[in-house]
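Descriptive analysis of the structure
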Amino acid sequence: MTDQHGELDAALERVIEAARHHLAAVRAAQGRIDDDDVWRAYVALNNASFAYDEQLMDAFGEVTPWDVESIDPDEVDQRFAGADGVEPTDPHPQVISVRQRRDYRVPSVSALIRVAEAARREGIPAEEEVPAVEGVGEAVLELLQSGDGSLSALDVPELEPLDGVVMVSEVGTPVDLESFDDDDPVGPFQPAADDRLVGRLDEHPFLDDEAEHAH
């Protein structure tokens, strides 16, 4: 007769061991997204939990709180490797650099600073003192920081967009920000000798009908 208790104990031990391996993989990944070891450990823990749940049901008609479905390990291998089980490698790895510039006209410096100060104060208790925004440059930085960090954060009436340009290049190595001083305005944007410009997009602000008819 099959020793159901022994089989259940063994299945539970496999769950515990898989949970330990999963925790170790998560710690080793340190927050990396789509880490291979974490995903494999997750699959092992999932399948061990599923097997234990099935055996518990067969033996005693009881269930665990784990609502899981079995994951095919072969599909997992294909997720990380080619059909022959060898990790795929790209013979032509590339790094793409996107450089963007957009200029703005400031119709009223005081109006722009007021908007930036309002953005700086947002979310800060009223009784807490907030440093004043000093100058146009600091105002624009404040709007970027309080927004989503992209140029869309500067879509405010206090800034009139002028021409802009976007350049896409193939580069040999990604930018190393640690190698440039914080006040270096050129270094991070300076193309290297082996960079290859793929294309350039010129951006022009939309003109209203009146301005279009005037030209």
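Residues numbered from 1 in each chain as written. Predicted model: local features only at pLDDT ≥ 70, side-chain atom pairs only at ≥ 80, totals over all residues. Heavy atoms only, no water.

**With respect to the overall build of the protein**
- Within the protein one finds 6 helices and 3 strands.
- Burial status across the protein gives 22% buried among its 215 residues.
- Excluding contacts between residues fewer than 6 apart, the proportion of contacts in the protein whose partners are at least 24 apart in sequence is 67%. (Helix = DSSP H or I, 4+ residues; strand = E, 2+ residues; numbered from the N terminus. Buried < 20%, exposed > 50% of the residue type's maximum accessible area, 1.4 Å probe, protein only. Contact = heavy atoms within 4.5 Å.)

**A look at the packing of helix H1 (residues 4-29) against helix H2 (residues 36-60)**
- Packing of H1 against H2 brings their axes to within 8 Å, and their N-to-C directions diverge by 160 degrees. In terms of orientation, H1 and H2 fall into the roughly antiparallel class. Both H1 and H2 take part in a crossing whose hand is left-handed.
- A class-by-class count of the residues in the contact of H1 with H2 yields 19 nonpolar, 6 polar and 4 charged. (Axes fitted to C-alpha atoms, helices over the stretch in contact; angles between N-to-C directions. Parallel < 35°, antiparallel > 145°, perpendicular 65-115°, else oblique. Left-handed = near helix turned anticlockwise from the far one by under 90°. Nonpolar A, V, L, I, M, F, W, Y, C, P; charged D, E, K, R; others polar.)

**Some thoughts on the environment of Ser-146**
- Mapped onto the secondary structure, Ser-146 falls in helix H5 (residues 136-146).
- Residue class for Ser-146 comes out partly exposed when judged on its relative accessible area of 40%.
- Separated by 30 residues in the primary sequence, Ser-146 and Ala-116 place their C-alpha atoms 8.9 Å from one another.
- At a separation of 3.3 Å, a polar atom in the side chain of Ser-146 contacts the main-chain carbonyl oxygen of Leu-143. (Polar contact = N/O pair within 3.5 Å; in protein donor to acceptor, adjacent residues only side chain to side chain.)

**Some words on the pairing of strand S2 (residues 160-171)**
- Alignment of strand S1 (residues 95-105) against S2, held across 10 bridges, turns out to be antiparallel. Its bridge partner lying in S2, Gln-100 is registered against Val-166. (Pairing = 2+ DSSP bridges.)

**Some thoughts on the packing of aromatic side chains**
- Taken as a whole and assessed by the stated rule, the structure comprises 2 aromatic pairs.
- Plain terms: the ring middles of Trp-39 and Tyr-42 are 5.3 Å apart, the flat faces sit at 15 degrees to each other, and that makes the pair stacked. Separated by 3 residues within a single helix, Trp-39 and Tyr-42 lie in helix H2, roughly one turn from each other.
- Taking relative accessible area as the criterion, Trp-39 reaches 31% and is therefore assigned partly exposed.
- You can call Tyr-42 partly exposed: its relative accessible area is 38%. (Phe/Tyr/Trp six-rings, centres within 6.5 Å; stacked < 30°, edge-to-face > 60°.)

**Overview of the sheet that holds strand S3 (residues 196-203)**
- One open sheet holds the 3 strands; their spatial order is S1-S2-S3, and the pairing between them is antiparallel. In this open sheet, the two edge strands, each paired with only one partner strand, are S1 and S3. Direction aside, neighbouring strands of the sheet carry axes that sit 15 degrees apart on average.

**Quick word on the packing of helix H4 (residues 109-121) against H5**
- Their axes nearest at 9 Å, the elements H4 and H5 cross at an angle of 35 degrees. Between H4 and H5 lies a crossing of left-handed hand. Each of Val-109, Leu-112, Ile-113, Val-115, Ala-116, Ala-119 and Arg-120 in H4 lies in contact with H5, whose residues at this interface are Val-136, Glu-138, Ala-139, Val-140, Glu-142, Leu-143 and Ser-146.
- Across the contact of H4 with H5, the residue classes break down as 10 nonpolar, 1 polar and 3 charged.

**A word on the side chain of Asp-35**
- Here Asp-35 shows up in the loop between H1 and H2.
- Asp-35 gets classed as buried once you look at its relative accessible area, which sits at 14%.
- Engagement of the side chain of Asp-35 in a polar contact is seen with the backbone nitrogen of Val-38, the distance being 3.1 Å.

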